[in-house]
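Secondary and tertiary structure notes
Chain by chain, the residues run as shown.
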Amino acid sequence: MHPSFTLHIMSDGTGETASAVARAVLVQYKQDQVNIIRHQNIRTKEQALSAIEKMQNKEKSLLIYTIVLPEIRKTIQEICRKEKIKSIDLLGPLFNNFDGVLESNEEKKPGLLRSVDEDYFKRIAATEFSLRHDDGKSVMRLKDADIVLVGVSRTSKTPLSIYLSFKGWKVANVPLVLGIPLPENLAEVDYRKIIGLTIDIDNLIRIRKNRLKKFGWNFNRGYADKVHILKEMDYSKDIFEKHRWPVVNVTDRALEETAGEVIRIIRARTGLSGDSLL
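From a predicted model like this one, the values you see are computed outputs, not experimental measurements.

**Observations concerning the pairing of strand 3 (residues 61-66)**
Among the six residues in strand 3, five count as buried, and that is most of the element. Two elements, strand 1 (residues 5-11) and strand 3, share six bridges in a ladder whose sense is parallel. When the bridges of strand 3 are listed, serine 11 appears paired with threonine 66. Pairing geometry for strand 3 and strand 4 (residues 86-89), over four bridges, is parallel. Bridging from a neighbouring strand, leucine 63 pairs with serine 87 of strand 4. Viewed along the sheet, the connection from strand 3 through helix 3 (residues 70-83) into strand 4 turns out right-handed.

What follows is the structure in structure tokens.
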């Protein structure tokens, strides 16, 4: 069977928005014979004209378009009126109504939605990466991280990693355990991406004791013992100095403040750019 009509979708982006709207409507019709053609990345009047000229069986076609620039929308409207093509402008009426209630005018910049979507998926990927590489769980892909945090237990490695990943940074964190060597894969990481985390000893003792109390663990395990912690801190200091990694002290600092300092260091050392919010 031949299609009963052809649905043309014209967009200055991918056309996914118009396609989603069209599918939401078409599902209400028991109509399988619909030919859908997308005209993507239409950014000029000439491109719009060319796309419309290529349309076949215009009398059996419907054009749906999502175009940001008003001059191109106007051109499409005029051609469709002249050629007697049925058309629907999805964005124009919305822009007109939004202009009436919002103080600022629209950006008039095609492709912004795709940019927002790409940023969103980048953050999702960064978060997934950070969760997979939390607390030394996986060291096989450490070199793919934007940031690698190294420190003893309770130096905010995990919350800091997750917070930074929400900003689009792929973060791995590696625990320093007294007497246990660093993972060999850490040597594959660009040294400029590695940051050591430290904390004042008294604060660390207090944090660890509170954690032990919360979970009902025995205080004699050494986890919160001052002598043991002093050895841990000396061990971490020696490692940081040996590898010449910059060190951030997390003592009494808000997570946002620590994250800001980490990003400042990474940007200065590598030139990488993550989320612009920090």
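**As for the nonpolar core**
Formed by 37 residues in total, the largest nonpolar core has its most connected members in Val148, Val150, Leu164, Leu186 and Val262. The set of elements that each furnish at least two residues to this core consists of strand 5 (147-151), helix 6 (157-166), strand 6 (171-175), strand 7 (194-198), helix 7 (201-215), helix 8 (226-243) and helix 9 (255-270). In terms of residue count, helix 9 provides more of this core than any other element does, five residues in total. Among residues more than four places away in sequence, those in contact with leucine 186 are Leu142, Val148, Val150, Val174, Ile194 and Trp245.

**Side note on the sheet that holds strand 6**
Spatial ordering of the open sheet is given by 6-5-7-8, a layout of four strands whose pairing is parallel. The open sheet is flanked by strand 6 and strand 8 (247-249), the only strands paired with a single partner. Adjacent strand axes in the sheet meet at a mean angle of 30° when their direction is disregarded. Bridging between strand 5 and strand 7 involves three bridges; their strand directions are parallel. Bridge pairing in strand 7 places valine 150 opposite glycine 196. Sheet strands in contact with helix 6 are strand 5, strand 6 and strand 7, and its direction is about 170° off that of strand 6. The strands touched by helix 9 are strand 5, strand 7 and strand 8; relative to strand 8, the strand with the most contacts, the crossing angle is about 165°.

**Overview of unusual backbone geometry**
Not every positive phi belongs to a glycine, and arginine 154 is a case in point at roughly 75°. Tracing the backbone through its elements, the reader meets arginine 154 in the loop between strand 5 and helix 6. The backbone of arginine 244 shows a phi angle near 60°, a positive value even though the residue is not glycine. The exposure class of arginine 244 is exposed, given its relative accessible area of 72%.

**Concerning the sheet that holds strand 2 (residues 34-39)**
One open sheet holds the four strands; their spatial order is 2-1-3-4, and the pairing between them is parallel. Both edges of this open sheet fall to strand 2 and strand 4, since each of them pairs with a single strand only. The mean angle between the axes of side-by-side strands here comes to 20°, regardless of whether they run parallel or antiparallel. Relative to the sheet, helix 3 contacts strand 1, strand 3 and strand 4, its axis offset from that of strand 3 by approximately 170°.

Reading the values: the criteria
- Residues numbered from 1 in each chain as written.
- Predicted model: local features only at pLDDT ≥ 70, side-chain atom pairs only at ≥ 80, totals over all residues.
- Heavy atoms only, no water.
- Buried < 20%, exposed > 50% of the residue type's maximum accessible area, 1.4 Å probe, protein only.
- Helix = DSSP H or I, 4+ residues; strand = E, 2+ residues; numbered from the N terminus.
- Pairing = 2+ DSSP bridges.
- Right-handed = clockwise from strand over helix to strand, strands pointing away.
- Core = buried A, V, L, I, M, F, W, Y, C linked by side-chain atoms within 4.5 Å.
- Contact = heavy atoms within 4.5 Å.
- Axes fitted to C-alpha atoms, helices over the stretch in contact; angles between N-to-C directions.

Geometry only, nothing functional implied.
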